[in-house]
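A closer look at the structure
Spelled out from the first residue to the last, the chains are:
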Amino acid sequence: QQYHQQHQTKNSRKRLFPMSYDPLPSGQSLLRKTKTAAFRQAPVFTSAADFEDNLEEPTKGWKYLAGRILSKEGDEEFTTRWIYARFVNRIMQKMTDKTHPWYRTEVEGPELNRKGHAGKVVFFFSMLAPFFFPVVYGLTFVFLTFGCCFSFIFLRRCQEMTPRRCALRMLQVAVESFLHVWRAIFPWYFWWSGGSKKYLCDGKDCYNKQGRTFFADISVILVSVSCVAAGFRMTRAILVTACDSACQTRQHVLEEDAQFGEALRKVNQVLSDVKDPWSYFPIVIGSGVNDTDTLRVPTSRQVLIIVASAASCLAPQMFMTIFYHQPWLPESTNIEAWVMLISIVFLPMFELWNYYQEFYLAIKEYKGVVDEVLIFIYLGASYVEKNRPVLHQAFKDAIMKNDKERKRLNHLKDVKFFDNPNQRFNESLRIQERENMNTLLEINDELALLEVYRVAINLSTPEGVIFYRRLREWLTTDMLNERAEIEMFINLSTAATFFAFLSLSWTWWVHEFHLTTMWTCLPFPILVLWTFILRSLNLCAFANEYLYDYYERILVGWKGNLQDPLSDFGGREPAIGWYWDKDTGQEESLPVGKRLDATSTETQTSTQKMLSLSIKLSKVSEEKQTILGLTATHALRTRVMATLGTVLATIATKVLPLLFKKVSAKNLEPIA
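The shown structure was predicted, so the numbers you read here are calculated from the model rather than taken from an experiment. (Residues numbered from 1 in each chain as written. Predicted model: local features only at pLDDT ≥ 70, side-chain atom pairs only at ≥ 80, totals over all residues. Heavy atoms only, no water.)

Considering the pairing of strand β3 (residues 111-114)
- With four bridges connecting them, strand β2 (residues 105-108) and β3 associate as antiparallel partners. Directly across from Val107, in β3, lies its bridge partner Leu112.
- Turn length for the β2-β3 hairpin, with the two strands adjacent in sequence and antiparallel, is two residues, and the turn residue Gly109 shows positive phi of about 65 degrees. (Pairing = 2+ DSSP bridges. Helix = DSSP H or I, 4+ residues; strand = E, 2+ residues; numbered from the N terminus.)

Structural data, given as structure tokens:
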């Protein structure tokens, strides 16, 4: 089978995987999904020819798998991220079968099923990164420096590069490899070279050595933690791209459905049209557009993330400098101290900044798919349900914010937008007044606002109900990878902050309630991460609410409308739905694979049964999203916030008075 539509140019997709040490300056994510119509064949893992990541010509749909072999047909570039991902894949090939690679992922109904032990693989190669990095990147550095001629020939053969670009890429990877090696061996060097005796001091001993530069032991430990974080970032890339490929492949299988596939493609095309200001781009992204083109960290957020990362890593050294009257900087002749200082500050700061940024972008991307589900719910609702205050206000807030965001995408070509973000709803109000739709004495026309909302689904026919079910399956599949990604961040961040809180409590107790350097660097990341976690929980609760509670409410509303009609489609020919054609300025029926029967008592009875079955299927065959084994609801978020508030209140009422008492008594002796 041939590609239905070619991807955008390779250079645009290559921005998804920039070099490891130089992330996108605009704040784009390292791993974002490309929504495209290029997948026309499901990945087949039944061939024993070779592993998917070893194929020079990728299986359709798996071109962007991270860690695959370098080839002109693929899209991987020679970077330090690719080197470690490739190392992971090659090691796991020795332990798995060709038909079941470790990253194998399949979409089974509404769930994303990872075959094998993918989570354990990510954990293993993340925790052992401090041991793997010296070997992997040490060999890379030696190969690129002493075997530069062979490396140059190899890269020119595998990648389409100019000689100048190839040479610069080799230099870049060599420098990054050296930094990764130093990151991994620095703690060992620090302890074994006697650095602990020269640069560490404890309590009162620091007062007796004024004029010298000392470092906090927690800063040295954070360098090793940053190495683990780098390993997690690179290994996670493989799993995320594999899950993404599986989800998109399943989506495009639905798009090839003989009866409703063309209608699915048409709905996506209309709602994601960048040239139509009435569309819902960038919430709905269509073929040929990268999520990286729309997912960016705003400048204000980027500054806050950088400040939060820098403050956490600089705080221990600032504490040592202020409380022990150390010089702000080492002597210019003390090269070793300068190397130590730069290493303990900038290496952890980079990884912390990177983690904050990727967590923020994961939240932003998940919010996009949650808003996409809200659009799906609203467009499928009847007139009465559309005008319910809660649903209408949620839809209005999401779309107005999206229209404001659209104005900022001036770097994209042909993007049309409203100067006034409220124009869509002003026009909706004007049309309602014109059509006198607020009168309860007549049947309202469901398509009166089609020009404003662009798509309407007809759930008064059996085929329309089935199509709405297919559309919901398409959307739930679309959000599976984003949901898995946000769950990964929530679980990891919760575990990390819990361990950090235990460490703070232990040091506070062991040092008899004296202030330590750990208390200067850990509270701020805990606060930032829990802000992200609470925001993520809120989105997960909305996703469950829209996909299940609102979905059931919409279907029940249509059942009521069939029995006691308050709106209809104005006697039009039967259709599964309609869309507004911006070229002709007229409404058009969504294409369907068979001719629909005219409305009758029999079809209404069949529709009632279809609606009841859809409600039952959503309850029986699907489960709401859970976080740490608990169903994500607004009540869960409230309980978490109440628990955190109780902890903070306890600290404020018990610990702070004790601290102030010690300060007033001049009994506070800081300990490094």
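There's more to say after this.
Description of the packing of aromatic side chains
- Inspection of the entire model under this criterion finds 37 aromatic pairs.
- When the ring of Phe395 is compared with that of Tyr453, the centres are 5.8 Å apart and the planes differ by 75 degrees; the resulting orientation is edge-to-face. Separated by 58 residues along the polypeptide, Phe395 in helix α14 (residues 389-407) and Tyr453 in helix α16 (residues 450-453) bring together distant segments of the chain. Accessibility assignment for this pair places Phe395 and Tyr453 in one class, buried.
- Every member of this aromatic cluster is reached through a ring pair, and the members are Tyr84, Phe87, Phe124, Phe125, Phe132, Phe133 and Tyr137.
- The ring of Tyr551 has Arg472 lying over it, and the distance from NZ or CZ to the ring centre is 4.3 Å.
- Its guanidinium or amino end placed over the ring of Tyr550, Arg553 lies 4.7 Å from that ring's centre, counting from NZ or CZ. (Phe/Tyr/Trp six-rings, centres within 6.5 Å; stacked < 30°, edge-to-face > 60°. Buried < 20%, exposed > 50% of the residue type's maximum accessible area, 1.4 Å probe, protein only. Lys NZ or Arg CZ within 6 Å of the ring centre and 35° of its normal.)

Notes on the environment of Met479
- With respect to the helices and strands, Met479 occurs in helix α17 (residues 462-510).
- On the basis of relative accessible area, Met479 is assigned to the buried category, the value being 4%.
- Once residues lying within four places of it in the same chain are set aside, the contact partners of Met479 are Tyr366, Val369, Val373, Ala543 and Leu547. (Contact = heavy atoms within 4.5 Å.)

Quick look at a nonpolar patch on the surface
- Residues Leu314, Met318, Ile322, Phe323, Trp328 and Leu329 make up a contiguous nonpolar surface patch of about 580 Å² in total accessible area.
- By the element assignment, Phe323 lies in helix α11 (residues 299-323). (Patch = residues over 30% accessible without salt bridge, like charges linked within 9 Å, V, L, I, M, F, W, Y side chains within 5 Å. Areas by Shrake-Rupley, 256 points an atom, 1.4 Å probe, with all protein chains shown as cover. Salt bridge = Lys/Arg side-chain N within 4 Å of Asp/Glu carboxyl O.)

Quick word on unusual backbone geometry
- The omega angle of the peptide bond from Phe281 to Pro282 is 10 degrees, so this bond is cis rather than trans.
- Among the structural elements, Pro282 can be located in the loop between α10 (261-271) and β4 (289-290).
- Located in the positive-phi region is Asp414, a residue other than glycine, with phi close to 65 degrees.
- Mapping Asp414 onto the fold places it in the loop between α14 and α15 (423-435).
- For Asp414, a relative accessible area of 36% gives the class partly exposed.

A word on helix α9 (residues 217-255)
- The terminal C-alpha atoms of α9, which comprises 39 residues, lie 57 Å apart, in line with the 57 Å expected from a rise of 1.5 Å per residue.
- Of all the bends in α9, the greatest, near 25 degrees, is centred on Arg236. (Expected span 1.5 Å × (residues − 1). Bend = angle between axes of the 7 residues up to and from the residue.)

As for the sheet that holds strand β6 (residues 455-457)
- An order of β6-β8-β9 is seen for the three strands of this open sheet, with the pairing classed as antiparallel. Lying at the two open borders of the sheet, with one neighbouring strand each, are β6 and β9 (586-589). Between one strand and the next, the sheet's axes are offset by a mean angle of 25 degrees, whatever the strand orientation.
- Inspection of the sheet shows β6 paired to strand β8 (residues 577-581) by three bridges, in the antiparallel sense. When the bridges of β8 are listed, Val455 appears paired with Tyr579. (Axes fitted to C-alpha atoms, helices over the stretch in contact; angles between N-to-C directions.)

Regarding the pattern of salt bridges
- Applying the stated criterion across every chain yields a total of 28 salt bridges.
- One salt bridge connects Glu111 with Arg483, and the closest N-O pair in it is separated by 3.5 Å. With Glu111 in strand β3 and Arg483 in helix α17, this pair connects stretches of sequence that are 372 residues apart.
- Its relative accessible area of 14% is what places Arg483 among the buried residues.
- With its nearest N and O atoms 3.8 Å apart, the salt bridge here joins Arg265 to Glu256.
- Relative accessible area serves as the criterion here: at 45%, Glu256 is assigned to the partly exposed category.
- Among the charged side chains, a network of salt bridges with common partners joins Glu77, Arg165 and Arg169.

Brief notes about the nonpolar core
- Core analysis: the largest hydrophobic core is formed by 157 residues, its most contacted members being Trp102 and Ile377.
- What Trp102 contacts, discounting residues up to four positions off in sequence, is Val88, Asn89, Met92, Thr96, Lys115, Ala118, Val121, Val122, Thr235, Ile238 and Leu239.
- One finds Tyr199, Phe215, Ala337 and Val345 within the second-largest nonpolar core, a separate group that totals 14 residues. (Core = buried A, V, L, I, M, F, W, Y, C linked by side-chain atoms within 4.5 Å.)

Describing the packing of α9 against helix α12 (residues 335-380)
- Here α9 crosses α12 at 40 degrees, and the two axes come no closer than 8 Å. For the pair α9 and α12, the sense of crossing is left-handed. Two secondary-structure elements touch here, α9 through Ser219, Val220, Leu222, Val223, Ser226, Ala229, Ala230, Phe232, Arg233 and Arg236 and α12 through Ser343, Ile344, Leu347, Pro348, Phe350, Glu351, Asn354, Tyr355 and Glu358.
- Looking at the contact of α9 with α12, its residues break down into 11 nonpolar, four polar and four charged. (Left-handed = near helix turned anticlockwise from the far one by under 90°. Nonpolar A, V, L, I, M, F, W, Y, C, P; charged D, E, K, R; others polar.)

A closer look at the confidence of the model for the protein
- Residue-level pLDDT values for the protein average 82, and 85% of them are 70 or greater.
- Predicted confidence for residues 1-48 stays below pLDDT 50, and this span has 150 contacts to residues more than four positions away or in other chains.
- Confidence drops under pLDDT 50 across residues 666-672; counting only partners more than four residues distant or on other chains, this segment forms 31 contacts. (pLDDT = per-residue confidence, 0-100.)

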